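# Working through the structure, step by step
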Amino acid sequence: MELFATLDTMGHEEVVFCHHRESGLKAIVAIHNTTLGPALGGLRMWPYTNEQEALTDVLRLAKGMTYKNAVSGLNLGGGKSVIIGDPAQKSEAMFRAFGRFLQSLGGRYITAEDVNTNVQDMDHIFQETDFVTGVHPVHGGSGDPSPFTAFGVIQGIKACLNKKYGHTDLGKPSYAVQGLGHVGSHVVKHLRDAGAKVFVTDMNKERIEQCVALGAEAVGMDDVYKVNAKVYVPCALGASVNEQTIPQFRFEIVAGAANNQLATDACGDELHRKGILYAPDYVINAGGVMNVSIELQGYDRERAKRMVTGIYDIIGNVFRVADRDRIPTYKAADRIAEERIAAIGRTRLLRSPQVYERLYNGRRNGH
Ligand code: NAD
């Protein structure tokens, strides 16, 4: 990979390689775009088979955060970081060393939890820098983001119901929820509380049983795609909307928490063609990042909840732009993000009083 050519194509601002031999830290921080503010995005630890794979992953994820934060209305840019290594080998020293690297970036990148990192790891980072969110509530952190992500998914589902059926009654349609982990289990609870018919699937029997106890009906992992339900709620892994599954769908709406739900852009086009309403994944699952972003101003649960409630309007706007421009919803979300970054970027061209002050002071001082 020609690195600068890739950065040029993908639009990244900065890539930092962090190496600390004593703790075994090998990390890459990718800052994609800071037009809207400091880059916020999680830290993933993964046993990448080679450095190229890690670099490709962090560049892709950082760019995704730019879009997610922009469309969510946050004053934050996009970035992400990865530690190359086996999560079984993690140590306090490794995360503290990483924290020192973050400190040296002066706040241009702020980290958070992601795959294979947890509150304890964030607390270690917090020993060395303030540029970390997702720390323990005793340090002013927001705790587990999953209930907020689930609450945001529910707002997104309501926006879909409103668009498709002209009402927001969660209890009326039927649902198929794939993945009953941190987010999916909360989503099922919300839907059952509203009295909805809910089909569920997971590879973990205990999680299925917990949802069945709430009144959900279990279906097989391969059967979930052909269930006779109106709304498909993917809350497991990515790419579950693909060439094999779409032909089985009797769903009218796809709205769930999983990242990268569409295997390819063509799958998004196919949903559009079939009239299946798709709530773009990075918009509907932004409740978690919205929640941690509140930590930067001093965490307040009510404020976080109010912000996450806004996902209803944000998704509604995605549908409006999709209709206006006659494009699939996944493209509309990208367009809204890009337009916001461009518009806010242009306001930066207006000189602030401080800039004039610096200019005039410079003149007065004879520079
Ligand atoms: P999790 O690991 O707690 O739960 C995932 C569940 O999916 C597990 O119970 C697992 O057994 C199940 N699963 C995996 N493969 C499956 C399959 N093929 N069929 C059925 N079930 C399967 O994860 P989570 O935190 O609940 O996150 C769920 C999804 O939402 C992920 O894609 C994640 O990236 C995304 N997401 C989560 C958050 C958050 O706040 N946790 C925020 C944004 C996005």
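About the criteria used
Residues numbered from 1 in each chain as written. Predicted model: local features only at pLDDT ≥ 70, side-chain atom pairs only at ≥ 80, totals over all residues. Heavy atoms only, no water. Salt bridge = Lys/Arg side-chain N within 4 Å of Asp/Glu carboxyl O. Helix = DSSP H or I, 4+ residues; strand = E, 2+ residues; numbered from the N terminus. Buried < 20%, exposed > 50% of the residue type's maximum accessible area, 1.4 Å probe, protein only. Near = heavy atom within 4 Å. Polar contact = N/O pair within 3.5 Å; in protein donor to acceptor, adjacent residues only side chain to side chain. Areas by Shrake-Rupley, 256 points an atom, 1.4 Å probe, with all protein chains shown as cover. Nonpolar A, V, L, I, M, F, W, Y, C, P; charged D, E, K, R; others polar. Phe/Tyr/Trp six-rings, centres within 6.5 Å; stacked < 30°, edge-to-face > 60°. Lys NZ or Arg CZ within 6 Å of the ring centre and 35° of its normal. Lys, Arg positive; Asp, Glu negative; His and termini not counted. Contact = heavy atoms within 4.5 Å. Domains from an automatic or database assignment. Buried area = accessible area lost by both parts, 1.4 Å probe. Expected span 1.5 Å × (residues − 1). Pairing = 2+ DSSP bridges.

It is worth spelling out the pattern of salt bridges at this point. A full pass over the atoms with the stated rule returns 17 salt bridges. The salt bridge partner of Arg44 is Asp114, with a shortest N-O separation of 2.6 Å. Of this pair, Arg44 sits in strand β4 (residues 43-46) while Asp114 sits in the loop between β6 (109-110) and α4 (119-126), placing them 70 residues apart in sequence. Neither Arg44 nor Asp114 differs from the other in exposure class; each is buried. A salt bridge links Glu252 to Lys230, with the shortest nitrogen-to-oxygen separation between them at 3.8 Å. With Glu252 in the loop between β10 (231-234) and β11 (253-254) and Lys230 in the loop between β9 (217-218) and β10, this pair connects stretches of sequence that are 22 residues apart. Each of the salt bridges in this network shares a partner with another, and the network as a whole consists of Arg44, Asp57, Arg60, Lys80 and Asp114.

Glancing now at the site of the ligand. Taken together, 20 residues surround the ligand, and among them Thr149, His182, Asp202, Arg207 and Ala236 come closest. Between the ligand and His182, the relevant distance is 2.6 Å, taken from an oxygen atom to a side-chain nitrogen or oxygen of the residue. Protein coverage of the free-state accessible area of the ligand, which is 830 Å², stands at 75%. Contributions of two or more residues to the shell around the ligand are made by α5 (146-165) and α6 (182-193). Looking at the shell around the ligand, its residues break down into ten nonpolar, eight polar and two charged.

If you walk through the whole model with that rule in mind, you get five aromatic pairs. Between Tyr225 and Tyr232, the aromatic rings sit 6.1 Å apart at their centres with planes inclined by 65 degrees, giving edge-to-face as the arrangement. According to the relative accessible area criterion, Tyr232 is buried, its value standing at 0%. Put simply, the rings of Tyr225, Tyr232, Phe249 and Phe251 touch in pairs and so form one group of aromatic residues. Note that Lys197 overlies the ring of Phe199, its terminal NZ or CZ placed 5.0 Å from the centroid.

This paragraph deals with the side chain of Glu295. With respect to the element layout, Glu295 can be found in the loop between α10 (287-293) and α11 (301-309). Although Glu295 is buried, it makes no salt bridge; Arg301 carries the closest opposite charge, 11 Å away. Setting aside chain neighbours within four positions, we find Glu295 in contact with Thr133, Gly134, Val135, Gly140, Gly141 and Ser142.

So, about the domain arrangement of the chain. Domain boundaries in the chain define domain 1 (2-65 + 78-132) and domain 2 (146-340). With five residues of domain 1 at the contact, the number on the domain 2 side is six residues. Note on domain 1 versus domain 2: buried area summed over both sides is about 500 Å², and carbon and sulfur give 72% of it. Of all residues in domain 1, the largest losses of buried area upon contact with domain 2 belong to Leu36, Leu40 and Ile110, amounting jointly to 58% of the total for that side. At the junction of domain 1 and domain 2, the tally comes to zero salt bridges. Viewed at the interface, domain 2 and domain 1 are joined by zero residue pairs in polar contact (both at pLDDT 80 or more). Within the side of domain 1 that touches domain 2, the residues separate by chemical class into four nonpolar, no polar and one charged.

Our focus in this paragraph is helix α13 (residues 329-347). Between its terminal C-alpha atoms α13 stretches 27 Å, which fits the 27 Å expected from 19 residues at 1.5 Å a residue. Buried positions along α13 lie against β2 (25-33), α2 (51-71), α8 (265-274), β12 (277-278), α9 (281-284) and α12 (311-325).

The six strands are arranged β9-β8-β7-β10-β11-β12 in an open sheet whose pairing can be described as parallel. Only two strands of the sheet have a single partner each, and these edge strands are β9 and β12. As paired elements, β10 and β11 share two bridges and run parallel to each other. Paired with Tyr232 across the bridge in β11 is Val254.

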